[in-house]
Amino acid sequence: MIAEVLSDPQPHAVVDVGAGTGTFVAELAERAPGVKISGIDGDPAILARAAEKVAQFGARIELREGLAQQLPIAEDSVDVVVMTLVLHHLDGVTKRAALAEARRVLRPGGRIVVADWGKPVDRFSRGLFFLLQLLDGFDTTRAHAAGEIPQLIEACGFENVKRAGRWPTAWGTLELLTGTSR
Ligand SMILES: C[S@@+](CC[C@H](N)C(=O)[O-])C[C@H]1O[C@@H](n2cnc3c(N)ncnc32)[C@H](O)[C@@H]1O
């Protein structure tokens with residue numbers, strides 16, 4: 001679904017922030033042969049696993065150790081920033097810093113794509129999300145439970161923030177948000 005959202009218009013340069021083991025980087029590389037992709041993660045051990053997964057795609061994939069709140073990427077240099085299941089690991093101040101960094105590295109009119117926990121759709125989903133909060137922490141997940149992430153994205157320099165999809169899961173409600181840099 002994220003790769004589909006990204007296909008129109010086709011970007012030239014994409015950054016996956018908090019790329020983890022490189023699953024999305026590999027999927028995008030497969031679907032979009034012309035795109036240059038940077039995968040950034042704060043954990044070098046995870047990046048080593050990602051490197052194995054994406055080795056087949058060669059030089060158009062770059063994996064770099066770095067923090068979402070301090071991206072090792074030049075200003076105004078990419079078309080799309082992707083963040084999947086990263087924001088809910090960050091406290092409120094760091095979430096804002098990470099979104100501001102996404103805005104900094106995007107070209108004017110570039111897109112942000114966030115897939116992360118949203119406001120639970122019903123009481124059952126809220127109960128499931130409470131279990132996730134016990135594991136991942138209440139401080140970092142509070143804004144997600146309250147449905148505040150779209151407003152936060154807007155406040156950090158994006159417009160046309162929309163929900164492109166929403167899915168109930170065993171841990172709560174996942175949502176896909178997109179926005180355009182102002
Ligand atoms: C739940 S995993 C998600 C991985 C991948 N995006 C996915 O959807 O499969 C969260 C990832 O974010 C990374 N991470 C957490 N905080 C970070 C930060 N401040 N800067 C960069 N990466 C971070 C972790 O190392 C981990 O790989």
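This text gives an overview of the structure that appears in the document. Being a predicted model, the structure only gives us computed values, none of them experimental.

What follows is about the pattern of salt bridges. Under the defined criterion, the tally for this structure stands at six salt bridges. Residue Glu 175 is joined to Arg 163 by a salt bridge in which the shortest nitrogen-to-oxygen separation is 3.7 Å. Remark: Arg 163 occurs in strand 6 (residues 158–169) and Glu 175 occurs in strand 7 (residues 172–181); sequence separation between them is 12 residues. Look at Glu 175 and you get buried, because its relative accessible area is 6%. Classification of Arg 163 by relative accessible area gives partly exposed; the value is 47%.

For helix 6 (residues 138–145), the set of buried residues is Thr 140, Thr 141, Ala 143, His 144 and Ala 145. In this structure, the buried side of helix 6 is in contact with helix 4 (92–105), strand 5 (106–117), helix 5 (123–136) and helix 7 (149–155). Positioned one or two residues after helix 6, Gly 147 has a phi angle of 70°, which is positive.

What follows covers the sheet that holds strand 1 (residues 13–17). The strand order across the open sheet formed by seven strands is 3-2-1-4-5-7-6, and the pairing between neighbours is mixed. Each edge of the open sheet carries a strand with a single partner, namely strand 3 (61–65) and strand 6. Within this sheet the neighbouring strands show an average axis-to-axis angle of 15°, counted without direction. Together, strand 1, strand 2 (36–41), strand 3 and strand 4 (78–84) form the strand contacts of helix 2 (residues 23–31), whose direction differs from that of strand 2 by roughly 180°.

Moving on, we come to the pairing of strand 7. Most of strand 7 sits out of view: eight of its 10 residues are buried. Pairing geometry for strand 5 and strand 7, over seven bridges, is antiparallel. Note that in strand 7 the partner of Ala 115 across the bridge is Leu 176. Two strands pair when backbone bridges link them, and strand 6 and strand 7 are joined in this way by nine bridges, in the antiparallel orientation. Paired with Trp 167 across the bridge in strand 7 is Leu 174. Taken together, strand 6 and the strand that follows it, strand 7, pair antiparallel across an intervening segment of two residues.

Attention now goes to the nonpolar core. By size, the foremost hydrophobic cluster in this structure holds 27 residues, and its most contacted members are Val 78, Val 81, Met 83, Leu 99 and Ile 153. If you list the elements that add at least two residues to this core, you get strand 1, strand 4, helix 4, strand 5, helix 7 and strand 6. Among the elements that line this core, the one with the most residues is helix 4, at four residues. With near-sequence residues (within four places) excluded, Met 83 lies in contact with Val 17, Ala 98, Leu 99, Ala 102, Val 113, Val 114 and Ala 115. Among the nonpolar cores identified, the runner-up in size contains 20 residues, and Val 14, Val 25, Val 54 and Ile 61 belong to it.

Let's shift gears to a nonpolar patch on the surface. Together, Phe 130, Leu 131, Leu 134, Leu 135, Phe 138 and Trp 171 line one region of the surface with nonpolar side chains, adding up to about 610 Å² of accessible area. With four residues, helix 5 is the largest single contributor of residues to the nonpolar patch. Tracing the sequence through the fold places Phe 138 in helix 6. The class of Phe 138 is partly exposed, set by a relative accessible area of 32%.

Here the focus is the packing of helix 5 against helix 6. Viewed as axis vectors pointing N to C, helix 5 and helix 6 meet at an angle of 155°, and their least axial separation amounts to 8 Å. Taken as axis vectors, helix 5 and helix 6 run roughly antiparallel relative to one another. The residues of helix 6 that touch helix 5, namely those facing Arg 126, Phe 129, Phe 130, Leu 132, Gln 133, Leu 134 and Asp 136, are Phe 138, Thr 140, Thr 141, Arg 142, His 144 and Ala 145. Split into classes, the residues belonging to the contact of helix 5 with helix 6 amount to six nonpolar, four polar and three charged.

Reading the values: rules and limits
Residues numbered from 1 in each chain as written. Predicted model: local features only at pLDDT ≥ 70, side-chain atom pairs only at ≥ 80, totals over all residues. Heavy atoms only, no water. Salt bridge = Lys/Arg side-chain N within 4 Å of Asp/Glu carboxyl O. Helix = DSSP H or I, 4+ residues; strand = E, 2+ residues; numbered from the N terminus. Buried < 20%, exposed > 50% of the residue type's maximum accessible area, 1.4 Å probe, protein only. Contact = heavy atoms within 4.5 Å. Pairing = 2+ DSSP bridges. Axes fitted to C-alpha atoms, helices over the stretch in contact; angles between N-to-C directions. Core = buried A, V, L, I, M, F, W, Y, C linked by side-chain atoms within 4.5 Å. Patch = residues over 30% accessible without salt bridge, like charges linked within 9 Å, V, L, I, M, F, W, Y side chains within 5 Å. Areas by Shrake-Rupley, 256 points an atom, 1.4 Å probe, with all protein chains shown as cover. Parallel < 35°, antiparallel > 145°, perpendicular 65-115°, else oblique. Nonpolar A, V, L, I, M, F, W, Y, C, P; charged D, E, K, R; others polar.

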